[in-house]
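# Descriptive analysis of the structure
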Amino acid sequence: MDKQVENAFQTFVPIILSNERLTSIGRQLVSKSAEQNYSNYRQVIDYVSQHDISSNKQLGRIFVLCGASRTGSTLLYNLLAQDPKSRAPTLFDMNHPIPPHSRSDTFQQQQTTTTTTTSVEVINYEKERNASHPSFEYEEDVLILHHAGLFMPFLEPEQSRTISDWFYDRTNKDFLYEYHRIFLQMLNNVDRPESHWILKSPHHMYNLDALLRQYPSACLVMTHRQLEQVVPSSIRLALSFASIYFEEKKQQTVIDRRLHMTDVQLDRIVEFRQNHSEIPVYDIFYDDLVNDPISTLQRFYEHFQLEWSNQFQEKVEQWLIDNPQGKQGRNIYSLEEFQLTKQQIQQRYHKYNQMFFPSCC
């Protein structure tokens with residue numbers, strides 16, 4: 001695993017930094033992020049080897065939210081994480097992994113995550129990004145995979161396909177999920193949830209086979225939303241994330257690459273469901289979740305025979321009050337602004353719609 005992680009960083013970082021269209025601050029962010037992620041990886045591996053983590057407590061039941069991007073999985077993830085008997089990785093857990101802390105150590109987390117940012121560029125970037133993808137305590141566990149060398153293809157030069165080809169390749173990702181399990185086992189050893197773990201990232205959909213080899217009994221959950229809303233929302237998110245890295249003239253490349261990412265996500269979902277009917281998947285639809293979150297969660301708990309508690313419901317209700325939609329801003333989007341039509345989306349993703357939204361076909 002060490003050799004594969006080192007190879008990923010040694011191969012992909014120079015490719016990204018060779019992109020002449022990176023802004024100066026974008027170049028700094030890439031270098032700093034790569035350095036921090038590799039440092040986190042080394043610290044975790046060293047800690048685990050010194051504490052013999054692998055022989056300790058069992059992980060127990062694991063739920064993996066792996067629907068496509070922009071389908072409501074962030075909302076679902078944060079609501080499910082309100083259950084005191086569950087545990088989901090926090091942004092603090094993944095950005096400051098060593099030493100691993102228990103969930104009760106809130107003071108330490110607040111002290112570590114409190115920073116003073118003076119860059120106007122960064123402040124404006126974070127506002128725009130949060131308007132598309134709000135910042136919450138519980139964050140996607142794809143951040144764990146970043147420690148082990150997962151790089152996003154939108155950063156590589158236009159003429160390069162090295163990162164893209166590797167990113168979408170279904171093979172050679174086992175080392176990422178081997179590290180992911182080691183990381184989760186480390187957190188579990190310090191503070192094991194009473195009931196279950198919750199994980200979430202659309203990126204798991206690219207490598208479900210690798211994930212399931214590490215977590216063979218994982219319960220898969222997929223969120224779904226009308227694609228004429230998903231596609232422009234996904235593009236707007238990509239542009240928000242890329243804005244600090246590239247000049248405006250880079251927009252079309254970001255749009256094209258994000259559309260390709262959506263293509264692959266939806267194709268992989270359809271293919272997985274067609275070829276693995278023996279693996280149960282629980283589906284949640286965006287409109288149900290947004291319109292009646294409590295009932296949607298109750299059906300989820302009934303299906304998986306989880307214990308519903310008044311404390312959990314109260315925490316969910318309070319979270320919804322504290323985090324109304326649009327609290328951190330809201331980016332407006334439409335198909336038209338990206339020269340797309342509803343008919344094009346229906347044709348492009350006919351198989352997915354036929355499977356999950358047959359009335360659209």
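Refer to the structure above for everything that follows.
Now for a description of the structure that goes with this document.

Rules used in this analysis
Residues numbered from 1 in each chain as written. Predicted model: local features only at pLDDT ≥ 70, side-chain atom pairs only at ≥ 80, totals over all residues. Heavy atoms only, no water. Helix = DSSP H or I, 4+ residues; strand = E, 2+ residues; numbered from the N terminus. Buried < 20%, exposed > 50% of the residue type's maximum accessible area, 1.4 Å probe, protein only. Contact = heavy atoms within 4.5 Å. Areas by Shrake-Rupley, 256 points an atom, 1.4 Å probe, with all protein chains shown as cover. Salt bridge = Lys/Arg side-chain N within 4 Å of Asp/Glu carboxyl O. 1 Å grid on protein atoms, 1.4 Å probe; cavity = no way out; pocket = protein on both sides within 12 Å on 5 of 7 lines; lining within 4 Å. Points joined across faces, edges and corners; volume = space filled by probe spheres on them. Nonpolar A, V, L, I, M, F, W, Y, C, P; charged D, E, K, R; others polar. Pairing = 2+ DSSP bridges.

### Some words on the overall build of the protein chain
Counting secondary structure elements, the protein chain contains 17 helices and five strands. Across the 361 residues that make up the protein chain, the buried fraction comes to 52%. Once local pairs closer than 6 in sequence are excluded, the contacts in the protein chain between residues at least 24 apart make up 81%. Carbon and sulfur atoms provide 46% of the accessible area of the protein chain, an area that totals close to 17100 Å².

### Examining the pattern of salt bridges
Between side chains of opposite charge, pairing is possible as soon as their charged atoms come close. Following the criterion strictly, the structure yields 14 salt bridges and no others. The salt bridge partner of Asp-283 is Arg-273, with a shortest N-O separation of 2.8 Å. You can see Asp-283 sitting in strand E5 (residues 281-285) and its partner Arg-273 sitting in helix H12 (residues 251-275), a full 10 residues away along the chain. In this structure, a network of salt bridges that share partners links the residues Asp-2, Arg-42 and Asp-46.

### What to know about empty space enclosed by the protein
Tallied over the entire structure, the rule returns one cavity of 30 Å³ or more. Quantified by volume, the largest cavity comes out at close to 40 Å³. Every residue lining the largest cavity is listed: Leu-145, Leu-150, Phe-167, Leu-176, Tyr-177, His-203, Tyr-206 and Asn-207. Class assignment for the residues of the lining of the largest cavity results in six nonpolar, two polar and no charged.

### Observations regarding the layout of surface pockets
Put simply, the second largest pocket is a space of about 200 Å³. Arg-170, Asp-209, Glu-271, Phe-272 and His-276 are, among the 13 residues lining the second largest pocket, the residues nearest its centre. Only helix H10 (208-214) and H12 provide two or more residues apiece to the lining of the second largest pocket. Residue classes in the lining of the second largest pocket are distributed as five nonpolar, three polar and five charged.

### Considerations on the pairing of strand E4 (residues 219-224)
Most of E4 sits inside the fold, with six of its six residues counted as buried. The side-chain alternation of E4 yields two buried faces, one formed by Cys-219, Val-221 and Thr-223 and the other by Leu-220, Met-222 and His-224. Across three bridges, strand E1 (residues 61-65) lies against E4 in parallel orientation. Looking across to E4, one finds that Val-64 is bridged to Leu-220. Relative to E5, E4 is paired through five bridges, and the arrangement is parallel.

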